[in-house]
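Chain by chain, the residues:
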Amino acid sequence: MIKLTQKIFVFSIFCFSILTSNSFSQQLNLPLNRDIYQEYDACLNKLDVNFHTSFKPYNMSDINKAINTDTLDICYAPQKRVDGDSWGKRKLLYEHFISIDSADYQIHLDPVFDFEGGIDDAANKSTHVNSKGIIFEGNIEKNFSFHADYYETQAVFPAYLTQYVNNTANTIVPGQGRVKQLNKGGFDYAIASGYISYSPSKYFNFQLGTDKNFIGEGYRSLFLSDNAFNYPYLKITTNLWKFQYTNLYCSLEDIGRISYPTSQPSEGSGQYFTRKYATIHYLSYNVSKRINIGAFESIIFSDTINNNSFRIDYLNPIIFYRPVEFSIGSPNNALIGAAFNFKFTDNIKFYSQLIIDEFEIKEVRNYSHGWFGNKQGIQAGIKYNDVFGVSKLRFQTEWNWVRPYTYSHETALQSYSHYNQSLADPLGANFYESISFLSYRTGRFFFEFKFNYAAFGTDSGGTDFGQNIFESYIPPSQTHTYYNYTTQGLFNTLTYKDFRVSYLINPAYNLNIELGVSFRSLVNNITSNTTIFTFGIKTSLTNHYYDF
């Protein structure tokens, strides 16, 4: 077996060498932040635009080919310098802090920070986030770009998040990595990401980095979300006619859950990092100006016998994993999925996903028997832009349903996860949820109301009922082989309501002032209610998911 890093290098050099080089738009990604994507998607989802909106982050070169951002009302689009504006006004309101621009290269350097204060009313405690860092990015010529950022944070969270982080099965801030304990219940943590992006022709883009990716049109994804921590990856994107085909090779880790002989102990913490890998394919096809379909497949695998090597079998960029699984007698975790998206009008879009983790014809025909291996999930949603003709009044609603034991595996290490979090929905499995948004933007002001409702079943009495994807999916006894149903186990309901208002100070790096209030209610055999007030000034370039 060849190590992952060696294989990525060899494969990258091979691909680069066989393709000719052309010059066109710079190759930076659009930051993976939902507020930014709302603005661009409103234009990219028009009937006459041939663009693939499922795999994120978008490449800015692809966006510029599809739409002319200079002529559209997108507050995040780069703003040209206004004659007469002072240096201070330009740097505060629309320019990068430091910018070097020449005919052959551009370099940008920006400070990033998140200074928030708040109150957790139920726990009678104050909360805060003190995050600061830097972004360094640029373009060399027109076909090579790079990006790097680093954040260092001290935080005191609301009680329910503190409990989550302190849980020995988690030991991480959601989506942001490991923590060190501070006094008075606080945490210290840091996160770094970066990538290089190269497009040797108009058909191909290669990216090598450590960051997150997202597949889907919704707030959640049943395929791949940005819920978990950053991971090293190689991504190859091919655009040809109405097709977009993406290969994603990832190196993943679990922390402290399973101690294999090849695991490496972390520095003085008693934890273990256990490596595994993911290879993901996604094919998107714009059938017509209204219809888009997608095909998804992934494989999660580890090879502890061969020092955690990367299996060459899964390096082939055009392949179906199930036949490979069968031919090598593999015990790995394979998932397949399909997406269907339909544009009713320029402003209304339906989206959906179907994920299949296991499939046996006999058991599907007898679906009502509730076989534990019927591991599937469904997403359906609607996006409505310019509601009732009001510019930038937007509504979105989606429904997600995932059966018990989905994303788990016979070998717990090979669950569909990274850094002790699901690579899909943060609720794991054995749930259904509804999420709705109503938002409005006027100028640089933004208002949004979000409502989540979820029902899920958790383990009870030492029995695995299928919500915890880190447990082996083999049922604890034959009584649970059949008659499983979604939300079995200890029944929970979660209600999460959130309202926020923000003002965009500088769109170059999404600097905002934001005021928000959240109401969280979790009901099982007890009721837990939380009210959280927050106010802050922050650079928002990533998504944080605390609504669970």
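In this text the structure is predicted, and so the values were computed from the model without any measurement.

A word on helix α2 (residues 34–44). With respect to burial, α2 is a largely interior element, 11 of its 11 residues being buried. Listed in full, the buried residues belonging to α2 are Arg34, Asp35, Ile36, Tyr37, Gln38, Glu39, Tyr40, Asp41, Ala42, Cys43 and Leu44. A side-chain oxygen of the first residue of α2 lies 3.0 Å from the backbone nitrogen of aspartate 35; this N-cap is asparagine 33.

This structure, assessed with the given rule, holds 27 salt bridges. A salt bridge links lysine 538 to glutamate 514; the shortest N-O distance between them is 3.2 Å. A residue pair is termed long-range when its members are at least 10 positions apart, and lysine 538 in strand β27 (residues 527–539) and glutamate 514 in strand β26 (residues 511–523) qualify at 24 residues. What you see here is one network of salt bridges that share partners, running through Arg34, Asp35, Glu116, Glu448, Arg500, Glu514 and Lys538.

With that settled, consider the environment of tyrosine 203. Relative to the elements of secondary structure, tyrosine 203 occurs in the loop between β9 (187–201) and β10 (204–211). A residue is classified by how much of its surface remains accessible, and tyrosine 203, at 35% relative accessible area, is partly exposed. Separated by 41 residues in the primary sequence, tyrosine 203 and glutamine 244 have C-alpha atoms spaced 9.3 Å apart. When residues no more than four places from it in sequence are discounted, the contact partners of tyrosine 203 are Thr237, Thr238, Asn239 and Leu240.

Once that is clear, we can look at the nonpolar core. The biggest cluster of nonpolar side chains holds 59 residues, and the ones touching the most others in it are Phe157, Ile215, Leu224, Leu248, Phe296, Tyr407 and Tyr416. Setting aside residues no more than four positions away along its own chain, phenylalanine 296 makes contact with Ile215, Phe223, Ile280, His281, Tyr282, Leu335, Ile336, Gly337, Ile355 and Tyr416. Met60, Tyr76, Phe214 and Ile435 belong to the second-largest nonpolar core, a separate cluster that totals 23 residues.

Moving on: the packing of aromatic side chains. Evaluated as defined, the whole model comprises 23 aromatic pairs. Measuring from ring centre to ring centre gives 5.0 Å for tyrosine 219 and phenylalanine 437, while their planes differ by 65°; the resulting arrangement is edge-to-face. You can see tyrosine 219 sitting in the loop between β11 (214–215) and β12 (231–240) and its partner phenylalanine 437 sitting in strand β23 (residues 431–442), a full 218 residues away along the chain. The residues tyrosine 219 and phenylalanine 437 share a single accessibility class, namely buried. Three or more aromatic residues joined by ring pairs form one cluster here, namely Phe157, Phe187, Tyr189 and Tyr546. Across from the ring centre of tyrosine 351, 5.8 Å away, lies the NZ or CZ of lysine 383, which sits over that ring. Sitting over the ring of tyrosine 160, arginine 520 keeps its end group 4.0 Å from the ring centre.

Another point: the pairing of strand β18 (residues 348–356). When strand β17 (residues 333–343) meets β18, the two strands line up antiparallel, connected through 8 bridges. If you follow phenylalanine 342 over to β18, its bridge partner there is phenylalanine 350. Hairpin remark: β17 followed by β18, antiparallel, with 4 residues in the connecting loop. Judged from the 9 bridges that link them, β18 and strand β19 (residues 376–384) form a sheet pairing that is antiparallel. Each residue of the ladder has a partner; that of tyrosine 351, found in β19, is glycine 381.

Rules of the game
- Residues numbered from 1 in each chain as written.
- Predicted model: local features only at pLDDT ≥ 70, side-chain atom pairs only at ≥ 80, totals over all residues.
- Heavy atoms only, no water.
- Buried < 20%, exposed > 50% of the residue type's maximum accessible area, 1.4 Å probe, protein only.
- Helix = DSSP H or I, 4+ residues; strand = E, 2+ residues; numbered from the N terminus.
- Polar contact = N/O pair within 3.5 Å; in protein donor to acceptor, adjacent residues only side chain to side chain.
- Salt bridge = Lys/Arg side-chain N within 4 Å of Asp/Glu carboxyl O.
- Contact = heavy atoms within 4.5 Å.
- Core = buried A, V, L, I, M, F, W, Y, C linked by side-chain atoms within 4.5 Å.
- Phe/Tyr/Trp six-rings, centres within 6.5 Å; stacked < 30°, edge-to-face > 60°.
- Lys NZ or Arg CZ within 6 Å of the ring centre and 35° of its normal.
- Pairing = 2+ DSSP bridges.

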